[in-house]
Amino acid sequence: MLTAITVTRLEKAATDNGFDLERERTVDWLSFGSSQTSMHIWLAAVGESRFLAAASRADVIDGLAGLGTACADPLPSVAAGALAVSDVAALHRLLRRAFQLSRTLPDALLRTFEDETAHRPRATEAERLVVQRIGQDVFRQGLLEYWDGRCAMTGLDVPELLRASHIKPWADCATDAERLDVFNGLLLAPHLDAAFDAGFITIADDGTMLVSNTLGPSARSALGLQRALKVDGLHGAHKAYLLWHRAQVFCSGAETAG
C-alpha cells in the first residue's frame, strides 16, 4: 500500500522527468503517460529504500541497463520489464534516461522527420536541400537527447559547441531509416567530429578511440589525441555502423589507441 508521502515522491519523479500524464493507479502501482512520448511507465515503492520503475517498451528497459537492478516483483500486465533502484535520486536518473530513450528509439527520429516533411515538395535541388536540412536538425536533436547533451568521448556539455556526427554519412546511407537512426551517430566536440569525418580517428566496438598513424605526433598533441579517449554507453546497434566507418572512412595504415 503506497503512503501519501510515497505517492507524492513518485508523482514528482514522474512529472519532473517528462511523464506528465497520470493514468489509472492500482493499490501497488502509479501509472503515467507523457505528452511527448507514447511510452507508459509504472512506479512503486517497497519501504523507504526500494523504488520500482516499469515501462511499456522492452528496448527502453534494455537501454537502462546499469541504472538499476532487474526486478522480479509482479508487474503490471502490459509492462515489458522493470528495474529497481535504492533511492529517489537514482529513480530520477532512471526516469530521465527512460524518457530520453523513449524519444529516440528505435525509429522515433524517422517518424518525426516523416511527419515534418510529408507535405514538402522535393522536385528541385533547393527543395531537396530544405528536406535534408530538416532531417539533419531532427537528427541533431535526437543525438542531443540520446547522449544527454554531452560529447560522447570528452563529456563536453556545451550544446552550442557539439556536432551531430553521422557514423555512416548522410550521402552514403541507402534509406532515410539509416540517415535518421540514432545509432548511426555520435555527439562530438568539434575537433573530434572533424577528425572522425576525415577518417583520422574511429571507434572500436568496445568504445576505444583509435587514431590513424597518418596523423603525426604534433597534430595529435595539438588536438589532445595523445590521451586515451573512449565512448561509454555504446549500444550493440552502433556496431554495424562503426564497422562501416572503420572499413570505409578510417585512414589506411597502422592504428593506435588514443
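It should be noted that the structure appears before, not after, this text.
Predicted, not measured: the structure shown is a model, and the values here were computed from it.

The next thing to look at is the pattern of salt bridges. Taken as a whole, this structure holds 15 salt bridges when the rule is applied. Arg96 is paired through a salt bridge with Asp148; the nearest N and O atoms lie 2.6 Å apart. Of the two residues, Arg96 sits in helix H3 (residues 88-102) while Asp148 sits in the loop between helix H5 (125-146) and strand S7 (163-166), which places them 52 residues apart along the sequence. Accessibility expressed as a relative area gives 31% for Asp148, which makes it partly exposed. For the salt bridge of Asp107 with Arg111, the shortest nitrogen-to-oxygen distance reads 2.3 Å. With a relative accessible area of 39%, Arg111 lands in the partly exposed category. Here the residues in one salt-bridge network are Glu11, Glu22 and Arg25, joined through shared partners.

Let us now look at the layout of surface pockets. The volume enclosed by the largest pocket comes to roughly 590 Å³. Taken together, 24 residues form the lining of the largest pocket, with Arg97, Tyr146, Trp147, Asp232 and Gly233 sitting closest to its centre. The set of elements that each furnish at least two residues to the lining of the largest pocket consists of helix H2 (58-63) and H3. Looking at the lining of the largest pocket, its residues break down into 11 nonpolar, five polar and eight charged. What the second largest pocket holds in volume is close to 310 Å³. Lining the second largest pocket are 18 residues, and of these Arg103, Ala108, Leu109, Thr112 and Val138 sit closest to its centre. Counting only elements with at least two residues in the lining of the second largest pocket, the list comes to helix H4 (108-117) and H5. For the lining of the second largest pocket, the leading source of residues is H5, giving six residues.

What follows concerns the sheet that holds strand S5 (residues 69-70). Strands belonging to one sheet form pairs held by backbone hydrogen bonds; the direction of such a pair is parallel or antiparallel. Spatially, six strands are ordered S1-S2-S3-S4-S6-S5 in an open sheet, and the strand pairing comes out antiparallel. Here the strands that pair on one side only, and so sit at the sheet edges, are strand S1 (21-22) and S5. The sheet contact formed by S1 and strand S2 (residues 30-33) spans two bridges and is antiparallel. Each bridged residue has a counterpart across the sheet, and for Glu22 the counterpart in S2 is Phe32.

So, on to the side chain of Ser31. Turning to its location among the elements, Ser31 is positioned in strand S2. Within the structure, the side chain of Ser31 is placed 3.4 Å from the side chain of Trp42, a separation counted as a polar contact. Ser31 has contacts with Leu21, Glu22, Arg23, Glu24, Ile41 and Trp42, leaving out every residue within four places of it along the chain.

The rules behind these values
Residues numbered from 1 in each chain as written. Predicted model: local features only at pLDDT ≥ 70, side-chain atom pairs only at ≥ 80, totals over all residues. Heavy atoms only, no water. Salt bridge = Lys/Arg side-chain N within 4 Å of Asp/Glu carboxyl O. Helix = DSSP H or I, 4+ residues; strand = E, 2+ residues; numbered from the N terminus. Buried < 20%, exposed > 50% of the residue type's maximum accessible area, 1.4 Å probe, protein only. 1 Å grid on protein atoms, 1.4 Å probe; cavity = no way out; pocket = protein on both sides within 12 Å on 5 of 7 lines; lining within 4 Å. Points joined across faces, edges and corners; volume = space filled by probe spheres on them. Nonpolar A, V, L, I, M, F, W, Y, C, P; charged D, E, K, R; others polar. Pairing = 2+ DSSP bridges. Polar contact = N/O pair within 3.5 Å; in protein donor to acceptor, adjacent residues only side chain to side chain. Contact = heavy atoms within 4.5 Å.

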